[in-house]
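Residue strings, one per chain:
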Protein chains: 2
Amino acid sequence: MLIPDNATEAMLPKGVKDFLPVKATKIDFLKSSILKIFSQWGFRPVIPPSLEFLHDLERGLGAGLREKTFRFDDRQSGKLVAFPPDITPQVARIVATRMREMPLPLRLCYSGRVLRHTEMQAGKDREIFQAGVELIGLDSPEADAEMIAMAIECLKALGAQEFTIDIGQVEFFRGVMENLPITGDRATQIQAAIARKDNSGLKTLLSDLTLSEQVRNEILALPRLFGGREVLRKAGEVVTNDRSRKALTNLQKVLEILEVYGVENHVTFDLGELRGLDYYTGVTFQGFLSGFGRAVCFGGRYDNLTASYGYPAPATGFAFNLLNLLFALDKELDSLATCQTDVLIFQAGPDKEKAQRVAQALRKKGFSAARDIIPRDLEGSMEYARKMNFRFVMTLMPGEEVRIISMTDESERQVSYSSILHPSFAL
Amino acid sequence: MLIPDNATEAMLPKGVKDFLPVKATKIDFLKSSILKIFSQWGFRPVIPPSLEFLHDLERGLGAGLREKTFRFDDRQSGKLVAFPPDITPQVARIVATRMREMPLPLRLCYSGRVLRHTEMQAGKDREIFQAGVELIGLDSPEADAEMIAMAIECLKALGAQEFTIDIGQVEFFRGVMENLPITGDRATQIQAAIARKDNSGLKTLLSDLTLSEQVRNEILALPRLFGGREVLRKAGEVVTNDRSRKALTNLQKVLEILEVYGVENHVTFDLGELRGLDYYTGVTFQGFLSGFGRAVCFGGRYDNLTASYGYPAPATGFAFNLLNLLFALDKELDSLATCQTDVLIFQAGPDKEKAQRVAQALRKKGFSAARDIIPRDLEGSMEYARKMNFRFVMTLMPGEEVRIISMTDESERQVSYSSILHPSFAL
């Protein structure tokens, strides 16, 4: 059978990838570091299934995600089933149907993989690796701030140096836009111009509409309302509608709490864009690492989602996109998550008992150790250890002698077999 | 919207489940404990994708798994894609197409979820949680023994008390059966009778076949060839065909190595059954916990699988079924993987700065801590802490005073706010 050189690319559907040990070690490190912080903040795991009835899942999906959902006929039930494109609606369903007798708030976390259809040419990931939290039952700014502070703590723990959490408020945006007396295509074009921060395009689109000066000014201000905390003040000078002003007060409170956390330097604002998923109802945010355009985390308040499963409760949450993190932090992760084994144990001759005992002793001490059980000479084992990134080669000689060769500098030391079995032994 | 009481059951397709925090904590513990041991034995992670082209995946699937595979048309490629029912063929593909320039042996591990169709009434899991290893490039009994020894070490680490690894050898079985001069339905019936250990049924099925006395005796012996190590001796007395005798010698060597590991007491043999997946070619094994009928792990040698992706290499591997482990070890896991948070922090009044500082300090020390940011009184917080299984409630009083109440025995102690921030503070 002939496998072409570019076999990998050819053999996998677009938008999914194999991760070999070097990258997989980094992904595992990202996931476990993030989940450890979630746990330290009191969040507890839930594991939703990979299959749901489409009908039930769709209650919690906006139009954007519905059309991206992998779906098919279920042989067993005869109903349409789906692979979830998003985990938050699954957690909302679990809370609403299985945890409603628990006292609020609920702090829940998850990690998992979701599938989303993408456009043919986009080259985007169809399989998305997520690790996220949901905080259910609290509508206070404290809860929104907790999400943002936790995201920042995670990014610091992952070795990120320069990053920002860019905060929005969908209620601010909606407060301005609800005074726009049109819907349909023109409204969509206007939103797109705002998102592109295209001031002159926006002006043209508004020019023939009958708007009060105040409404026109508020809409025209939107593309400029991004940047540091001064954005909140600027916005307060422009908008007069109640809905937007309430949203600004809410943002101001969140910012004050973030100042107590001491993380306000990582925060920026963007009030001129309606980003993220359809179910958001308040503060939203996205995390960006310097020099990397795609968001590494995203989240926000979704006060109506559990209600669509029959249990109304305010809620907020966010998730990391692990593959975007992997891409953005690849260099930092080289030293934090090295794909390496401590010791390769080599014993010539037919009797392998000592090698086995040494391996057991090393593992009991917490070291990683593999035995070279292929028939080859020491030079062969050294070559293997070098290529496979072992830290040390341990050669068991006849009698008591053991040689330990460091693969970093090829230095060698000799120890006795029994000293390795002793609790005091260290590499 | 009305949600019936049995909403959960009704809302999920059969064969998949939601896991709430108590069970999810246990699953996470099982997975991380197993992966830690895999890593200590020198195995490195790979992450295959959730989607593959059906055509490529099927190269590595036997008939049994092919018909259980979830498949559908891919909107993007127009080709049939599938959700993998088994991870081993994915790892074989990865090794054959993307790691062939790496020196052998390769020690690889994975954890993931696979989907399999099941019969309508079976009530079996369709989503299977696995954590497994593949050892590629070694055909020696050392490699088979390494798999079994590692499975045993994992089971011990998970708190399993009484368990056995039941070892088979497909070559032994095939050596006996290849002298049966029939195929088709009757052959299938004969295999089924052997698997049921149905001696008299087997006798009847063989009665009108023209067989040499030797062949008849070998086949009739199969249902009795299970039990302790004496099985190997008994089998040696019965079989004379070369293929089976070679398989016995191989098993004998594996057993000798397991004796050096000191784990032979956990080992039983069953030579009268062809269990497991179609791709096995030598030693196979399954792990059983006392009192639980389903295997918690299974594996074996598969020397032809990577060749079906263009790269011939001997290989062996095994995987744990995490949900079977969860079921079998549920009680043991109550103490090993408790769903618990260390401290609930309560501060009355509008200023929450101290509560935030205390939370940060506790987390820095490695404790888990959540803040009760809902407006309620201390009694309300205590009630919440009890129901949500917190270990301590910490109440920040005005001034320096902090009260720490143990939820285990309701005992209370007082400390100063600044002492908690001090590095020497312990719970």
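Residues numbered from 1 in each chain as written. Chains lettered and ligands numbered in written order. Predicted model: local features only at pLDDT ≥ 70, side-chain atom pairs only at ≥ 80, totals over all residues. Heavy atoms only, no water.

(A) Spatial organisation of the domain arrangement of chain A. The assigned domain composition of chain A is domain 1 (17-334) and domain 2 (340-421). Once you take the C-alpha centre of each, domain 1 of chain A and domain 2 of chain A turn out to be 50 Å apart. (Domains from an automatic or database assignment.)

(B) Structural detail: the packing of helix 11 (residues 230-238) of chain B against helix 12 (residues 242-261) of chain B. Residue and element names in this part refer to chain B. Running from N to C, helix 11 and helix 12 point in directions that differ by 160°, and their axes come no closer than 10 Å. In terms of their interaxial angle, helix 11 and helix 12 are classed as roughly antiparallel. Here helix 11 runs over helix 12; the crossing is left-handed. On the side of helix 11, the interface is formed by Leu 232, Ala 235 and Gly 236, while helix 12 contributes Arg 245, Leu 248, Leu 251, Gln 252 and Leu 255. (Axes fitted to C-alpha atoms, helices over the stretch in contact; angles between N-to-C directions. Helix = DSSP H or I, 4+ residues; strand = E, 2+ residues; numbered from the N terminus. Parallel < 35°, antiparallel > 145°, perpendicular 65-115°, else oblique. Left-handed = near helix turned anticlockwise from the far one by under 90°. Contact = heavy atoms within 4.5 Å.)

(C) Geometry of the interface of chain B and chain A. Listed by partner, the interface residues are 102 residues for chain B and 102 residues for chain A. For the pair chain B and chain A, the summed buried area comes to about 9100 Å², and 57% of that belongs to carbon and sulfur atoms. When the buried area of chain B at its contact with chain A is split by residue, Arg 44, Ile 47 and Gln 76 of chain B rank highest and sum to 9% of it. The interface formed by chain B and chain A contains six salt bridges. (Buried area = accessible area lost by both parts, 1.4 Å probe. Salt bridge = Lys/Arg side-chain N within 4 Å of Asp/Glu carboxyl O.)

(D) Region of interest: the relation of the copies chain B and chain A. Superposition of chain B onto chain A requires a rotation of 180° combined with a translation of 0.0 Å along the rotation axis, giving an RMSD of 0.1 Å. Given the turn and translation reported, the copies of this chain are related as if by a two-fold rotation axis. Considering only C-alpha atoms, the residue of chain B closest to the rotation axis is Phe 72 of chain B, which sits at 3.5 Å. (Least-squares fit on C-alpha atoms with pLDDT ≥ 70 in both.)

(E) Geometry of the layout of surface pockets. Residue and element names in this part refer to chain A. For the second largest pocket, the calculated volume is near 1600 Å³. Among the secondary structure elements, those contributing two or more residues to the lining of the second largest pocket are helix 1 (7-11), helix 4 (63-66), strand 6 (127-136), helix 7 (170-177), strand 10 (283-289) and helix 13 (322-328). Broken down by element, the lining of the second largest pocket gets its largest block of residues, four residues, from helix 13. Tallied by class, the residues present in the lining of the second largest pocket amount to 18 nonpolar, 13 polar and 16 charged. (1 Å grid on protein atoms, 1.4 Å probe; cavity = no way out; pocket = protein on both sides within 12 Å on 5 of 7 lines; lining within 4 Å. Points joined across faces, edges and corners; volume = space filled by probe spheres on them. Nonpolar A, V, L, I, M, F, W, Y, C, P; charged D, E, K, R; others polar.)

(F) Molecular detail of the side chain of Asp 86 of chain A. Residues and elements named next belong to chain A. Following the sequence through the fold, Asp 86 ends up in the loop between strand 4 (80-83) and helix 5 (88-98). With no salt bridge to any partner, buried Asp 86 finds its closest opposite charge in Arg 116, at an N-O distance of 4.4 Å. In terms of polar contacts, Asp 86 uses its side chain to reach the side chain of Tyr 279, at 2.7 Å. Apart from the residues within four sequence positions on either side, Asp 86 is in contact with Leu 61, Leu 65, Val 114, Arg 116, Gln 130, Leu 277 and Tyr 279. (Buried < 20%, exposed > 50% of the residue type's maximum accessible area, 1.4 Å probe, protein only. Lys, Arg positive; Asp, Glu negative; His and termini not counted. Polar contact = N/O pair within 3.5 Å; in protein donor to acceptor, adjacent residues only side chain to side chain.)

(G) Seen up close, the sheet that holds strand 7 (residues 163-169) of chain A. All names here are of chain A. The strand order across the open sheet formed by nine strands is 1-5-6-12-11-10-7-9-8, and the pairing between neighbours is mixed. Strands with a single pairing partner mark the edges of an open sheet, and in this sheet they are strand 1 (44-45) and strand 8 (226-227). The pairing of strand 1 with strand 5 (residues 106-115) spans two bridges and is classified as parallel. Directly across from Arg 44, in strand 5, lies its bridge partner Leu 108. Packing of helix 6 (residues 141-157) onto the sheet brings it into contact with strand 5, strand 6, strand 7, strand 9 (267-270), strand 10, strand 11 (297-301) and strand 12 (315-321), and relative to strand 12 it is tilted by some 15°. (Pairing = 2+ DSSP bridges.)

(H) Highlighting the environment of Thr 164 of chain B. All names here are of chain B. Checked against the element boundaries, Thr 164 lands in strand 7 (residues 163-169). Thr 164 gets classed as partly exposed once you look at its relative accessible area, which sits at 26%. Apart from the residues lying within four places of it in its own chain, the contact partners of Thr 164 are His 266, Thr 268, Gln 286, Gly 287 and Phe 288.

(I) Representation of the packing of aromatic side chains. Under the counting rule described, the total for this entry stands at 26 aromatic pairs over all chains. Ring geometry for Phe 83 of chain A versus Phe 72 of chain B: centroids 6.5 Å apart, planes at 25°, classification stacked. Of this pair, Phe 83 of chain A sits in strand 4 while Phe 72 of chain B sits in strand 3 (residues 70-73), placing the two residues on different chains. Residue class for Phe 83 of chain A comes out buried when judged on its relative accessible area of 4%. Taking 5.7 Å as the distance between ring centres and 35° as the angle between the ring planes, the aromatic pair formed by Phe 292 of chain A and Phe 327 of chain A counts as tilted. Residue Phe 292 of chain A is located in the loop between strand 10 and strand 11, and its partner Phe 327 of chain A is located in helix 13; the two are separated by 35 residues in the primary sequence. Positioned above the aromatic ring of Phe 390 of chain B, the side-chain terminus of Arg 44 of chain A is 5.4 Å from the ring centre. For the cation-ring pair, Arg 376 of chain A lies above Tyr 384 of chain A, with the distance from its terminal atom to the ring centre recorded as 4.4 Å. (Phe/Tyr/Trp six-rings, centres within 6.5 Å; stacked < 30°, edge-to-face > 60°. Lys NZ or Arg CZ within 6 Å of the ring centre and 35° of its normal.)

(J) Representation of the pattern of salt bridges in the model. Taken as a whole, this structure holds 62 salt bridges over all chains when the rule is applied. In this structure, Arg 371 of chain B engages Glu 142 of chain A in a salt bridge whose closest nitrogen and oxygen atoms are separated by 3.2 Å. Placement of the pair is Arg 371 of chain B in strand 14 (residues 369-371) and Glu 142 of chain A in helix 6, with the two residues belonging to separate chains. Here Arg 174 of chain B and Glu 171 of chain B are joined by a salt bridge, their closest N and O atoms 3.8 Å apart. On the criterion of helical spacing, the pair formed by Arg 174 of chain B and Glu 171 of chain B is a turn pair, its members being three residues apart in helix 7 (residues 170-177).

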